[in-house]
Amino acid sequence: MSTTFQLDTATSRANPTPAPMKRLTIPALRQRKVDGATTQPIVMLTAYTARQAQLLDAHCDMLLVGDSLGQVIYGLPSSVPVTLDMMIAHGAAVVRGSWHAAVIVDMPFGTYEASPTQAFESAARVLKETGCAGIKLEGGLAMAETVAFLSARGIPVMGHVGLTPQAVNTLGGYGARGRSAAEAAKIVADAQSLAEAGAFAIVVEGVIEPLAIAVTKAVPCPIIGIGGSAQCDGQVLVTEDMLGMFDRVPRFVKRYEDIATVISGAAARYAAEVRDRSFPGLEQTYQPKS
Ligand code: KIV
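Residues numbered from 1 in each chain as written. Predicted model: local features only at pLDDT ≥ 70, side-chain atom pairs only at ≥ 80, totals over all residues. Heavy atoms only, no water.

Trainee: For this particular structure, what's the right way to read the sheet that holds strand S5 (residues 42-46)?
Mentor: Whenever strands of a sheet pair, they do so through backbone hydrogen bonds, lying parallel or antiparallel. Ordered by their spatial adjacency, eight strands build a closed barrel running S5-S6-S7-S8-S9-S10-S11-S12, and the pairing between neighbours is parallel. Averaged over neighbouring strand pairs, the angle between their axes works out to 25 degrees when direction is ignored. Relative to strand S12 (residues 234-237), S5 runs parallel, the two sharing four bridges. The residue bridging Leu45 from the neighbouring strand is Leu237, located in S12. (Pairing = 2+ DSSP bridges. Helix = DSSP H or I, 4+ residues; strand = E, 2+ residues; numbered from the N terminus. Axes fitted to C-alpha atoms, helices over the stretch in contact; angles between N-to-C directions.)

Shown next as structure tokens:
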């Protein structure tokens, strides 16, 4: 994409230069998959802050405000303690920082599972208070009724099956799913039930590759893989993982940078210069005008 983005410091918007671009819509993204085939794979990354969104926006079709922010931003042990208010604050920041990508906000654990009505009330708050394009929720067949309820009431829903991190306490960990024939069949059925209920796309996380391919073939809406297969209709990664922010990442993460070394190296140089009094120098200090 040749368009560049400039930060408007007055509004915190990522203004496209030279031509204004229209934000991608959910129907346009859904229609990337026609008759089971997606010629233009969907690019999605997580974003949690306005500045991060500004940097990612031009390169992505969707920005996901994932509840992984619990671990990545807040140092929580899992996504289970993440609240709706946390998701709304970060979702609004990402919408302010983006112009082009469709922004999807995760529904946190405990805000949608009890009933379709509970899900609608939570999701309506997310849409109203962030300006995002849609929400994502975890779960398969058990959530199909809720997906249909939300979709019929103007709330675009992205599903999430396979390894569902909010269910870590029942799954017992974050290992790959679908190794047994029974579990693989259930994951395909889960994805099919969400698509039939109206999900516009479905994340398939942490499954063996043949299963990711089978789900992509079996389901009419786009399948976004994470720990899946390059044959999925799109891919998502946690941005901090692919930037190399953490020492330990799942096997499916490819590190495109080593940002942790960059940050700690800069902090070390800053600390040394403070200690030897070489910072601030002449260029960083105000001198009397002559
Ligand atoms: O919370 C998140 O970041 C996610 C992605 C890993 C798909 O759900």
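Trainee: Help me out: how do you make sense of helix H5 (residues 116-130) in this one?
Mentor: Residues spaced three or four apart along an α-helix face the same direction, because each turn holds 3.6 residues. Here H5 spans 21 Å end to end across 15 residues, near enough to the 21 Å set by a 1.5 Å rise per residue. Restricting attention to buried positions, one finds in H5 the residues Pro116, Ala119, Ser122, Ala123, Ala124, Val126 and Thr130. In the core, the buried residues of H5 are packed alongside helix H4 (84-96), strand S7 (102-106), strand S8 (134-136) and helix H6 (144-151). One or two steps after H5, the chain reaches Gly131, where phi turns positive at roughly 80 degrees. (Expected span 1.5 Å × (residues − 1). Buried < 20%, exposed > 50% of the residue type's maximum accessible area, 1.4 Å probe, protein only. Contact = heavy atoms within 4.5 Å.)

Trainee: Got a minute to help me understand the side chain of Gln54 in this structure?
Mentor: Topologically, Gln54 is positioned in helix H2 (residues 50-57). Here Arg51 takes part through its side chain, which lies 3.0 Å from a polar atom of the side chain of Gln54. (Polar contact = N/O pair within 3.5 Å; in protein donor to acceptor, adjacent residues only side chain to side chain.)

Trainee: Just checking my understanding: could you explain the pattern of salt bridges for this structure?
Mentor: Any two side chains of opposite charge can pair if their charged atoms end up close together. A complete count under the given rule lists seven salt bridges for this structure. When the shortest N-O distance is used, the salt bridge between Asp61 and Arg32 registers 3.1 Å. Of this pair, Asp61 sits in the loop between H2 and strand S6 (62-65) while Arg32 sits in the loop between helix H1 (26-30) and strand S3 (33-34); the two residues are 29 residues apart in sequence, bridging distant segments of the chain. For Asp61, a relative accessible area of 10% corresponds to the buried category. By relative accessible area, Arg32 is classed as buried at 13%. Among the ionic contacts, a cluster of salt bridges with common partners joins Asp85, Arg125 and Glu129. (Salt bridge = Lys/Arg side-chain N within 4 Å of Asp/Glu carboxyl O.)

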